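Geometric and topological summary
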Amino acid sequence: MKPDWIPFASRAVPRYTSYPTAADFSAATGEPEARLWAAEVARGEPLSVYLHVPFCEALCWYCGCATSVPNGYRRVGEYASRMQSEIGLWADALGPHGGIGHLHFGGGSPNALKSGDFAALIETLQIRFGIRPDAEIAVELDPRTMHDGQVEAFAAAGVTRASLGVQTLAPAVQAAVNRIQPPDMVARLVSDLRGAGVKAINMDLMYGLPHQTTADVVTAAQFAAAQGAARVSVFGYAHVPWFAKHQKAIDEAALPGLETGFEQAEAATEVLRAAGYVLIGLDHFARADDPLARAAREGRLRRNFQGYTDDPHDTLIGIGATSISQFREGFVQNLKDRKSWGEAIAAGRLPVERGIAITEDDRLRARAIEHLMCQLSVDAADICREMGAPPDRLNEALARARILVPAGLCTVEGTRVTVPPAARHFLRTVAQCFDGRLPATEGAARHAKAV
């Protein structure tokens with residue numbers, strides 16, 4: 001890492017999987033707006049749907065997701081039943097849309113669901129929403145907690161892509177984060193999924209974990225490539241124990257420093273690119289024939305709450321506690337407290353807790369930020385023309401970006417801002433220049449560090 005980059009590496013910046021970010025949501029926007037926006041979905045418009053399963057059989061100490069250990073299946077089964085009811089509420093609220101074009105089960109661990117409950121959710125979605133014949137159905141899986149018959153059940157339900165949480169293969173690191181997962185366990189699941197017909201396999205890796213070395217990261221990247229993963233994500237561990245309480249179990253003294261973390265990320269990049277993977281944006285990699293790589297080549301790459309995606313849909317319906325729904329007019333987020341979420345559904349209410357209406361200025365900045373995050377370059381004047389804004393509307397963003405030029409984080413030529421590939425780990429830092437709600441100099445504790 002260049003010495004000039006070190007001060008920026010420790011700054012807290014949003015991940016920009018949406019704009020405005022969830023930190024800007026408030027109770028001023030709620031169920032009335034959600035119902036209004038849902039009713040105004042364009043006739044025939046395909047949708048994305050996300051189902052959040054907030055349960056894991058064991059907690060990993062690094063995790064920042066909304067999840068818990070159910071201690072038996074009763075709570076999970078009741079939750080699945082409530083999700084079916086919530087699907088019905090959204091189906092009744094939506095306008096005459098064109099069915100589901102992209103379906104994603106996340107968590108937590110969706111394989112916490114019994115096969116019958118998973119199949120029932122798919123069936124309910126098919127009946128109430130309609131699932132398009134060409135829809136991608138993706139599910140996140142924890143290789144440690146797969147149960148007999150689940151692979152076959154996922155395949156029978158139409159799952160087309162599985163994302164495996166690999167994170168690290170180093171035994172000492174696994175012990176330090178409470179995730180014991182031998183390589184042969186993951187390899188066996190990959191083989192079983194492909195044998196059942198689920199051919200597209202993604203893998204998530206992490207760097208910056210306690211006791212993790214650069215050699216550990218290289219080994220994990222080599223493993224993912226050897227297994228023929230279609231996509232690989234390489235995420236830096238975000239230590240936010242004030243937000244994710246169980247991260248307090250991690251020994252902060254064992255965490256790699258900023259420069260070591262940067263070295264680890266670069267090492268993973270070298271391995272994956274040498275294996276033929278295409279670097280996608282900030283931290284994703286895909287094989288050249290994967291739809292994500294094609295979307296990047298053709299300028300169709302998008303960014304949403306699941307990260308980089310080829311999902312083209314403008315409307316996303318989030319099902320489950322904490323889930324976020326996205327409409328052209330704004331965002332709404334479901335209640336985080338599962339008891340309150342379930343009570344709202346039982347009362348026939350959309351279980352929305354907070355959200356935000358998008359202004360025309362937000363829409364302009366969102367387009368600029370997404371374009372930069374996806375392409376590593378954005379022309380502010382082009383974005384203003386595209387969005388029908390005054391040509392100088394983003395001039396203050398360009399002024400902020402010029403402050404970063406001497407450090408080599410970006411270049412500014414006229415109205416075009418470009419992040420050099422070597423500085424892509426600071427992509428969010430540069431994107432923050434276009435954020436009209438968060439000053440570029442702010443280092444708020446509510447966000448993770450840049451690197």
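Everything that follows concerns the structure shown earlier in this document.
Residues numbered from 1 in each chain as written. Predicted model: local features only at pLDDT ≥ 70, side-chain atom pairs only at ≥ 80, totals over all residues. Heavy atoms only, no water.

Describing the overall build of the protein chain
Rules: Secondary structure counts use DSSP, requiring at least four H or I residues in a row for a helix and at least two E residues in a row for a strand, with both numbered from the N terminus. Based on C-alpha atoms, the radius of gyration is set beside the globule rule, defined as 2.2 Å times the residue count to the power 0.38. Using a 1.4 Å probe on the protein chains alone, a residue whose accessible area is under 20% of its type maximum counts as buried, one over 50% counts as exposed, and one in between counts as partly exposed. Residue contacts are defined here by distance: any two heavy atoms, one from each residue, within 4.5 Å place the two residues in contact. In this description, accessible areas are obtained by the Shrake-Rupley approach with a 1.4 Å probe, and a residue is regarded as covered only by the protein chains that are shown.
Helix and strand counts for the protein chain stand at 15 helices and 17 strands. Taking 2.2 N^0.38 as the reference for a compact globule, 451 residues should give roughly 22 Å; the C-alpha atoms of the protein chain span a radius of gyration of 21 Å, in line with that estimate. In terms of its C-alpha atoms, the protein chain occupies a principal-axis envelope of roughly 60 × 50 × 40 Å. Taken over 451 residues, the protein chain has a buried fraction of 57%. In the protein chain, 72% of the contacts between residues at least 6 apart in sequence involve partners at least 24 apart. For the protein chain, the computed accessible surface area is about 17700 Å², with 52% contributed by carbon and sulfur atoms.

Concerning the packing of aromatic side chains
How we decide: Between 30 and 60 degrees the pair is tilted, below 30 it is stacked and above 60 it is edge-to-face, where a pair is any two Phe, Tyr or Trp rings, Trp via its six-membered ring, whose centres lie within 6.5 Å. The rule is short: NZ of Lys or CZ of Arg within 6 Å of the ring centre and within 35 degrees of the ring normal puts a charge over the ring.
If you walk through the whole model with that rule in mind, you get 10 aromatic pairs. Above the plane of the ring of Y73 lies K114, whose end atom (NZ or CZ) is 4.7 Å from the centre. One residue, R303, lies across the ring of Y308, its end atom 4.6 Å from the ring centre.

A short note on helix 13 (residues 380-387)
So the rule is basically this: The directions from the helix axis to the C-beta atoms form the arc being described. Between N or O atoms, a polar contact is any pair within 3.5 Å; within protein, one atom must be a potential hydrogen donor and the other a potential acceptor, and residues adjacent in sequence are included only when both atoms are from side chains.
Among all positions of helix 13, only A380, A381, I383 and C384 are buried. Along the long axis of helix 13, the arc covered by the buried residues comes to 160°, so they all point the same way. On its buried face, helix 13 is in contact with helix 12 (360-375), strand 15 (377-379) and helix 14 (395-404). Sitting at the amino-terminal end of helix 13 is D379, which places a side-chain oxygen 3.0 Å from the backbone nitrogen of A381. One or two steps after helix 13, the chain reaches G388, where phi turns positive at roughly 70°.

Quick word on the nonpolar core
Put simply, the test is: For this analysis, a nonpolar core means a set of buried residues of the types Ala, Val, Leu, Ile, Met, Phe, Trp, Tyr and Cys, connected via side-chain atoms within 4.5 Å.
One finds L51, W90, L103, F129 and L164 to be the most contacted residues of the largest nonpolar core, which totals 78 residues. With 9 residues, the single largest contributor to this core is helix 3 (residues 74-93). For F129, the residues in contact, after removing those within four places along its chain, are L47, V49, I87, W90, A91, L94, H97, G99, I100, T124 and I317. Formed by 45 residues, the second largest nonpolar core is a distinct cluster that contains F8, C374, I383 and V451.

Points about the environment of R132
Here R132 is to be found in strand 3 (residues 131-141). Taking the C-alpha atoms as reference points, R132 and P46, 86 residues apart in sequence, are found 8.3 Å from one another. Not counting residues up to four positions away in its chain, the partners in contact with R132 are P46, G98, G99, I100 and G101.

A few points about the pairing of strand 6 (residues 231-236)
It is a general feature of regular strands that their side chains alternate between the two faces of the sheet. Our working rule: At least two bridges found by DSSP between two strands are what make those strands a pair. Here is how to tell: hold the view so the strands point away, follow the path from the first strand over the helix to the second, and if it runs clockwise the crossover is right-handed.
Direction of pairing for strand 5 (residues 200-207) relative to strand 6: parallel, over a ladder of 6 bridges. Bridging across to strand 6, M206 finds its partner in F235. Remark: the strand 5/helix 8 (residues 214-226)/strand 6 crossover connection has right-handed handedness. Direction of pairing for strand 6 relative to strand 8 (residues 284-287): antiparallel, over a ladder of 3 bridges. Among the inter-strand pairings, S233 is bridged to a residue of strand 8, identified as H284.

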